[in-house]
Amino acid sequence: MRILVLNGPNLNMLGVREPAIYGRQSYPDLERYICTAARELGVEYDMRQSNYEGELVSWIQEAYGIYDGIVINPAAYTHTSIAILDALKSVCIPAVEVHLSDPMQREEFRRISFPGMACCKTVAGKGFDGYREAMAFLMMRNIEMRMKQQ
Ligand code: CA2
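### Focus: the site of the ligand
Then, in step 1: Contacts to the ligand come from 16 residues, most closely from N73, H79, L100, S101 and R110.
Then, in step 2: In this structure, L100 approaches the ligand through a main-chain N or O atom, which is 2.7 Å from an oxygen atom.
Then, in step 3: For the ligand, an oxygen atom lies 2.5 Å from a polar atom in the side chain of S101.
Then, in step 4: The fraction of the free accessible surface of the ligand (510 Å²) that becomes covered by protein chains is 93%.

Structure, rendered in structure tokens:
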């Protein structure tokens, strides 16, 4: 089971500003967290962050045939990016949307998620643990799909 973990714009700034919303932990802390969670779950993963919509789209396209699942926090592109929605739809890889905060409890403009429309699950407001929950969900889904195919 190989999972691609994608993070959108400004998430590399974690821990630098807005600790009340996103916590005090940094992006390298998130990388360590994902590494530990993946080892415990027994999944392989790659994790990438970009401030560019097109780069995220390209990584999603390149995931086709390589990864069994995508965990994506599109950050601000959540609320604007039909390009990321279309990319997720085009590769047909099971995807889970993750948000550190709960956008539904914040400003009105955060209440729509375009990429979320192509995801089989959304985990929001659980901080780093949301990524672990997303990976565990994809792992279980993968096992169930394989059992059905037998
Ligand atoms: O809660 C989330 O994970 C978000 O995806 C984070 C995005 C926001 O636009 C979404 O509505 C919800 C923002 C990521 C920016 O992260 C920062 C980190 C430190 C300082 C400032 C921003």
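### Digging into the nonpolar core
Then, in step 1: One finds V5, L30, V71, Y131 and M135 to be the most contacted residues of the largest nonpolar core, which totals 24 residues.
Then, in step 2: Looking at this core, the elements that each hand over two or more residues are β1 (2-7), α2 (27-41), β4 (95-99) and α5 (129-149).
Then, in step 3: In terms of residue count, α2 provides more of this core than any other element does, 6 residues in total.
Then, in step 4: Setting aside residues up to four positions removed in sequence, L30 forms contacts with N7, L14, M47, F128 and Y131.
Then, in step 5: In this structure, L4, I60, I84 and L88 belong to the second largest nonpolar core, which totals 18 residues.

### Considerations on the sheet that holds strand β5 (residues 121-124)
Then, in step 1: One open sheet holds the 5 strands; their spatial order is β2-β1-β3-β4-β5, and the pairing between them is parallel. This sheet does not close on itself; its edge strands, each paired only once, are β2 (44-49) and β5. Each adjacent strand pair in this sheet contributes to an overall mean axis angle of 20°, direction not counted.
Then, in step 2: Pairing of strand β3 (residues 69-73) with β4, which is carried by 3 bridges, proceeds in the parallel orientation. Each bridged residue has a counterpart across the sheet, and for V71 the counterpart in β4 is V96.
Then, in step 3: Along the sheet, α2 makes contact with β1 and β2, crossing β2 at roughly 165°.

### Observations concerning the environment of A75
Then, in step 1: On the secondary structure map, A75 appears in the loop between β3 and α4 (82-91).
Then, in step 2: In this structure A75 comes out as buried when scored by relative accessible area, which is 16%.

### Describing the packing of helix α3 (residues 53-62) against α4
Then, in step 1: Two elements in contact, α3 and α4, have axes separated by 9 Å at closest approach and are oriented at 5°. One element, α3, and the other, α4, form an angle in the roughly parallel class. The segment α3 lies against α4, with E53, L56, V57, I60 and Q61 engaging A83, I84, A87, L88 and V91.

### As for unusual backbone geometry
Then, in step 1: Notably, N10 is not glycine yet its phi reads approximately 75°, a positive angle.
Then, in step 2: Secondary-structure assignment places N10 in the loop between β1 and α1 (19-22).
Then, in step 3: Of the residues examined, N10 reaches a relative accessible area of 54% and is grouped as exposed.
Then, in step 4: In this structure, C92 is a non-glycine residue whose phi angle is positive, near 60°.
Then, in step 5: Here C92 shows up in the loop between α4 and β4.
Then, in step 6: Judged by its relative accessible area of 69%, C92 is exposed.

### Structural notes on the packing of α2 against α5
Then, in step 1: Where α2 contacts α5, the two axes come as close as 10 Å, and the packing angle between them is 30°. With respect to α5, the axis of α2 lies roughly parallel. Helix-helix and strand crossings are classified by hand; for α2 and α5 the assignment is right-handed. Contact residues: L30, Y33, I34, A37, A38, E40 and L41 in α2; D129, Y131, R132, M135, A136 and M139 in α5.
Then, in step 2: Classifying every residue of the contact of α2 with α5 by side-chain character gives 10 nonpolar, no polar and 3 charged.

Rules and cut-offs
Residues numbered from 1 in each chain as written. Predicted model: local features only at pLDDT ≥ 70, side-chain atom pairs only at ≥ 80, totals over all residues. Heavy atoms only, no water. Near = heavy atom within 4 Å. Polar contact = N/O pair within 3.5 Å; in protein donor to acceptor, adjacent residues only side chain to side chain. Areas by Shrake-Rupley, 256 points an atom, 1.4 Å probe, with all protein chains shown as cover. Core = buried A, V, L, I, M, F, W, Y, C linked by side-chain atoms within 4.5 Å. Buried < 20%, exposed > 50% of the residue type's maximum accessible area, 1.4 Å probe, protein only. Helix = DSSP H or I, 4+ residues; strand = E, 2+ residues; numbered from the N terminus. Contact = heavy atoms within 4.5 Å. Pairing = 2+ DSSP bridges. Axes fitted to C-alpha atoms, helices over the stretch in contact; angles between N-to-C directions. Parallel < 35°, antiparallel > 145°, perpendicular 65-115°, else oblique. Left-handed = near helix turned anticlockwise from the far one by under 90°. Nonpolar A, V, L, I, M, F, W, Y, C, P; charged D, E, K, R; others polar.

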